[in-house]
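# Structural description and commentary
Residue strings, one per chain:
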Amino acid sequence: MSVAPLALYRRSLGNFSDTMSIVQRRVGVRPARYPRILWGVWLLAWALLIVAVFLRLDAGAGEMRGEWSPGFVRFTDFFTQFGLGGWYLIPAALCLVAANLTDWRGLSRDGRMLVYNWTCFAFLVLCAVGLSGLAVNVLKYGIGRARPLYFDSFGVLSLHPFAMDARFAGFPSGHATTMGAVFGILLLLFPRRWYLALAVTACIASTRVFVGAHYPSDTVAGFGLGLAFAVVSGLVFARLGFIFGRSGSKLPMPKRTFRLWWSDPPNVRISMAGQSRAAEEKTEDRQ
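These lines cover the structure that appears in this document, whether it is placed above or below.

About the criteria used
- Residues numbered from 1 in each chain as written.
- Predicted model: local features only at pLDDT ≥ 70, side-chain atom pairs only at ≥ 80, totals over all residues.
- Heavy atoms only, no water.
- Axes fitted to C-alpha atoms, helices over the stretch in contact; angles between N-to-C directions.
- Helix = DSSP H or I, 4+ residues; strand = E, 2+ residues; numbered from the N terminus.
- Parallel < 35°, antiparallel > 145°, perpendicular 65-115°, else oblique.
- Left-handed = near helix turned anticlockwise from the far one by under 90°.
- Contact = heavy atoms within 4.5 Å.
- Nonpolar A, V, L, I, M, F, W, Y, C, P; charged D, E, K, R; others polar.
- Core = buried A, V, L, I, M, F, W, Y, C linked by side-chain atoms within 4.5 Å.
- Buried < 20%, exposed > 50% of the residue type's maximum accessible area, 1.4 Å probe, protein only.
- Salt bridge = Lys/Arg side-chain N within 4 Å of Asp/Glu carboxyl O.

What follows covers the packing of helix α7 (residues 174–189) against helix α9 (residues 216–240). Remark: α7 packs on α9, axes separated minimally by 6 Å, with the N-to-C direction vectors making an angle of 40°. By the angle between their axes, α7 is oblique relative to α9. Between α7 and α9 lies a crossing whose hand is right-handed. Across the interface between the two elements, Ala176, Thr177, Met179, Gly180, Ala181, Phe183, Gly184, Ile185, Leu187 and Leu188 of α7 pack against Thr219, Gly222, Phe223, Leu225, Gly226, Leu227, Ala230, Val231 and Gly234 of α9. Among the residues making up the contact of α7 with α9, the classes are represented as twelve nonpolar, seven polar and no charged.

By size, the foremost hydrophobic cluster in this structure holds 21 residues, and its most contacted members are Ile185, Leu189, Ile243 and Phe244. Elements with a contribution of two residues or more to this core: α4 (86–100), α5 (109–143), α7 and α9. Sort the elements by how many residues they give to this core and α5 lands first, with seven residues. Here phenylalanine 244 is in contact with Leu124, Leu188, Leu189, Gly234, Phe237, Ala238, Pro252, Met253, Pro254 and Lys255, once residues within four sequence places are set aside. Core analysis: the next-biggest nonpolar cluster, separate from the first, contains nine residues, Met179, Leu187, Ile204 and Phe223 among them.

Locating glutamate 67 in the fold gives a position in the loop between α2 (39–64) and α3 (70–80). Judged by relative accessible area, which is 56%, glutamate 67 ranks as exposed. Taking the C-alpha atoms as reference points, glutamate 67 and phenylalanine 210, 143 residues apart in sequence, are found 9.5 Å from one another.

With that settled, consider the pattern of salt bridges. Evaluated as defined, the whole model comprises five salt bridges. Between aspartate 58 and arginine 145 there is a salt bridge whose closest N-O contact spans 2.9 Å. Residue aspartate 58 is located in helix α2, and its partner arginine 145 is located in the loop between α5 and α6 (151–154); the two are separated by 87 residues in the primary sequence. Residue class for aspartate 58 comes out buried when judged on its relative accessible area of 0%. Overall, the relative accessible area of 3% leaves arginine 145 in the buried class. Between arginine 167 and aspartate 165 there is a salt bridge; the shortest N-O distance is 3.0 Å. Each member of the salt-bridge network shares a partner with another, and the members are Asp58, Arg145 and Asp218.

Structural measurements only, silent on function.
Quick look at the structure:
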């Protein structure tokens, strides 16, 4: 059944208003308590790692530019595309639009919970990937480091602050920042599989070196930046009770109610409902 544009607009406005009311209410009633994470120690470790990679690997990466086999470069060029933020931001934005236009009140309890969880997840992706993407663009153009494509002309450390030229937008890597944010999200949602998430996202981030777009230190810097934004976003969500709950661990843990799929397949739910009705009928017969 089609919905009139005016009715759709009112539904969208009402859903947005309800969402803002929930956020405001939770901000007001939930104290701003966060786990004590030693941010200074992690920041120092990140900075030292960047320096170590710069000293040990960047010059070699610049000299090796163009030396990789064409087949390997094509292979890495394919996978490096998955570091583009659009792969994650566009679906998240479309998910929010769809949720905003959905008649929540007409859904079942399971349906409302599913839409609610997808809405929270989309917001998390937008915060982690989107905000880190804005930050890395400000940094990379503000610092203005020359890319390894121009190693022969500018060397390994040539800075041109605010040149607003793509040639001087090497540090940090935007693709690696996106991968760091994706890793952070996966780390928070699937903490027991962190090593798989790290292997995949780190490999995609490293492709920026092989295609000649970034030095290794650029990717390390970007990956850490994206990871930090994802963790901070998760902490804020946990404080508001979205997706994550407070726990004794340093990182927020997903709630048991957070699922991006039906808690039980539809046929299982129907079967369980049928068994329940049959049990009730047997009880009535015995009585």
